[in-house]
Structure formats: C-alpha cells, structure tokens
Amino acid sequence: VYTIEEIAAAAGGGLFEENITGGPQSTQRVGSGTATGSPASTVSGGLNNTASNYASTVGGGMYNTSSGPGSTVGGGGGNTASNDTSTVGGGYGNISSGYISTVGGGYRNTASGDYSTLGGGYNNTASAYISTVGGGYNNNATSSASTIGGGLNNTASGNYASTVSGGVENTASNIFATVGGGLNNTASSTYSTIGGGYGNISSGSNSIVGGGRNNTA
C-alpha cells in the first residue's frame, strides 16, 4: 500500500488536491506544503511551503511563506512575502514586507518600505517608501525614493531621493545628494554631488566634488 505522497512522487509530483480548510480554489501539490488562504491560495510544489492568505502563491522551493493578500514567493528557501501584493522571486532568507514590495533574489535581503525594490545581493535593505537597492552587500536605502545601485556598505539616507550608485562605504545623507562611486565618500548637503574618488566630502548646498582624494566642497 502506497501513501498519496509516494504516488505523487512516482507521478513526477503532478498530483494536486484542494485544501478544504483554505476555502474555495485553494490548491496544493500533494506533499509540497499547505494552501490555507481563502480563497484561491496556491502551493505549486516544493517542500513545507505555506500560502496563507487569499490569492497568495508559492511556486516551489522549501520553507517559503506567502502570507500577504495576493503575495507571491516564486521559489528558493526560507523566503517570506508578508504584505499586500509583496513578492520574493527566489534566493534564500529574503523578506518582502512592505506594501507592493519586491525582492528579486539573493540572500537575506529585506524590502520593508512600501513600494520598495531589492534586486538581489546579500544582506541589503530597502526600508523606506519607493526605496531601491539593486544588489551588492550590506547596502541600506533608508529614506524615501533613495537608491543604491550596488557595491559594499553604502548608505542612502537623505530625506528624499538620495543616491549612491556603487563603490564602498559611501554615504548620501541629504535631499537629492549623490555619490557616483569610489571609497568612503560623503555627500551630506542638499543637491550635493561626489563623482568618485576616495575620502571626499561634499557638504555645501549644490556643491560638487568630481573625484580625487580627501577633497572638500
């Protein structure tokens, strides 16, 4: 006598069942997890996945949770999409917890701001409204409409629309402040800009440092 999971495995995992506790149209592949959202939650495959809100979906992978209304986890492992229409494409240990927020993939990234986007990389955070981190390592976009393209240990924390394109340990900490790249540069005033270089500071309003080393405007 075979279990239903063994039958499903022998058939290539193609056997679906309706989860009657999940409400109408809540379906799950046998042995892949639990679809309990009401209505229309789906777990398509994988192992120990959970779709627990209406129209929530987990495509596959393992130990993923889609708990927001209309939220989606495509695959990977240990990912969570927990707000309305939030999405995690894949990767491992990623969290999409802002309203209509997105994490494409990578490892232990968090998109917690509403409409925030995080492409990938490792240990990055987009925590403010419409904030974006493309990738890299340990980058933090913490203010509204702030953007970090990539790099290492960069921070975009200006009150609005600050940008760090890349590099290492750069900071844009005021409205429309911009650092293009380089190492250990700081644009700290409104509309201040640093193109690149090392150890440069742009601290006056509308000031510009094109590059070089240890320059201040």
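What you see is a predicted model, and the numbers here were worked out from it, not measured in a lab.

1. A short note on the overall build of the chain
- Each helix and strand counted, the chain has one helix and 26 strands in total.
- Across the 217 residues of the chain, 38% fall into the buried class.
- For the chain, long-range pairs separated by at least 24 residues make up 1% of all intrachain contacts whose partners lie at least 6 apart in sequence.

2. Observations concerning the side chain of Asn 139
- With respect to the element layout, Asn 139 can be found in the loop between β16 (132–133) and β17 (140–141).
- Within the structure, Asn 139 has its side chain in polar contact with the backbone oxygen of Gly 151 (distance 3.0 Å).
- Contact partners of Asn 139, with chain neighbours within four places excluded, come to Asn 123, Asn 124, Thr 125, Val 133, Ile 148, Gly 150, Gly 151, Leu 152, Asn 153 and Asn 154.

3. Remarks on a nonpolar patch on the surface
- On the surface, Tyr 99, Ile 100, Tyr 115, Tyr 129 and Ile 130 cluster together into a nonpolar patch covering about 440 Å² of accessible area.
- Residue placement: Tyr 129 occurs in the loop between β15 (125–126) and β16.
- With relative accessibility at 45%, the residue Tyr 129 sits in the partly exposed group.

4. So, the environment of Asn 139
- By relative accessible area, which is 0% here, Asn 139 ends up buried.
- Residues Asn 139 and Ala 156 lie 17 residues apart in sequence; the distance between their C-alpha atoms is 8.4 Å.
- At a separation of 3.4 Å, a polar atom in the side chain of Asn 139 contacts the main-chain amide nitrogen of Asn 153.

5. Examining the side chain of Ser 96
- With respect to the helices and strands, Ser 96 occurs in strand β11 (residues 95–96).
- A distance of 3.4 Å separates the side chain of Ser 96 from the backbone oxygen of Thr 87, its partner in a polar contact.
- When residues no more than four places from it in sequence are discounted, the contact partners of Ser 96 are Thr 80, Ala 81, Ser 82, Asn 83, Ser 86, Thr 87, Val 88, Ser 101, Thr 102, Val 103 and Ala 111.

6. Re the confidence of the model for the chain
- In the predicted model, the chain carries a mean pLDDT of 89, and 82% of its residues have values of at least 70.
- Segment residues 4–13: pLDDT under 50, and ten contacts once partners within four positions in sequence are set aside and those in other chains are kept.

7. Thoughts on unusual backbone geometry
- Even without being a glycine, Ala 55 presents a positive backbone phi close to 60°.
- On the secondary structure map, Ala 55 appears in the loop between β5 (49–51) and β6 (57–58).
- A relative accessible area of 35% means that Ala 55 is categorised as partly exposed.
- Phi at Asn 184 takes a positive value of approximately 60°, unusual for a residue other than glycine.
- Looking at the secondary structure, you find Asn 184 in the loop between β22 (178–179) and β23 (186–187).

Reading the values: rules and limits
Residues numbered from 1 in each chain as written. Predicted model: local features only at pLDDT ≥ 70, side-chain atom pairs only at ≥ 80, totals over all residues. Heavy atoms only, no water. Helix = DSSP H or I, 4+ residues; strand = E, 2+ residues; numbered from the N terminus. Buried < 20%, exposed > 50% of the residue type's maximum accessible area, 1.4 Å probe, protein only. Contact = heavy atoms within 4.5 Å. Polar contact = N/O pair within 3.5 Å; in protein donor to acceptor, adjacent residues only side chain to side chain. Patch = residues over 30% accessible without salt bridge, like charges linked within 9 Å, V, L, I, M, F, W, Y side chains within 5 Å. Areas by Shrake-Rupley, 256 points an atom, 1.4 Å probe, with all protein chains shown as cover. Salt bridge = Lys/Arg side-chain N within 4 Å of Asp/Glu carboxyl O. pLDDT = per-residue confidence, 0-100.

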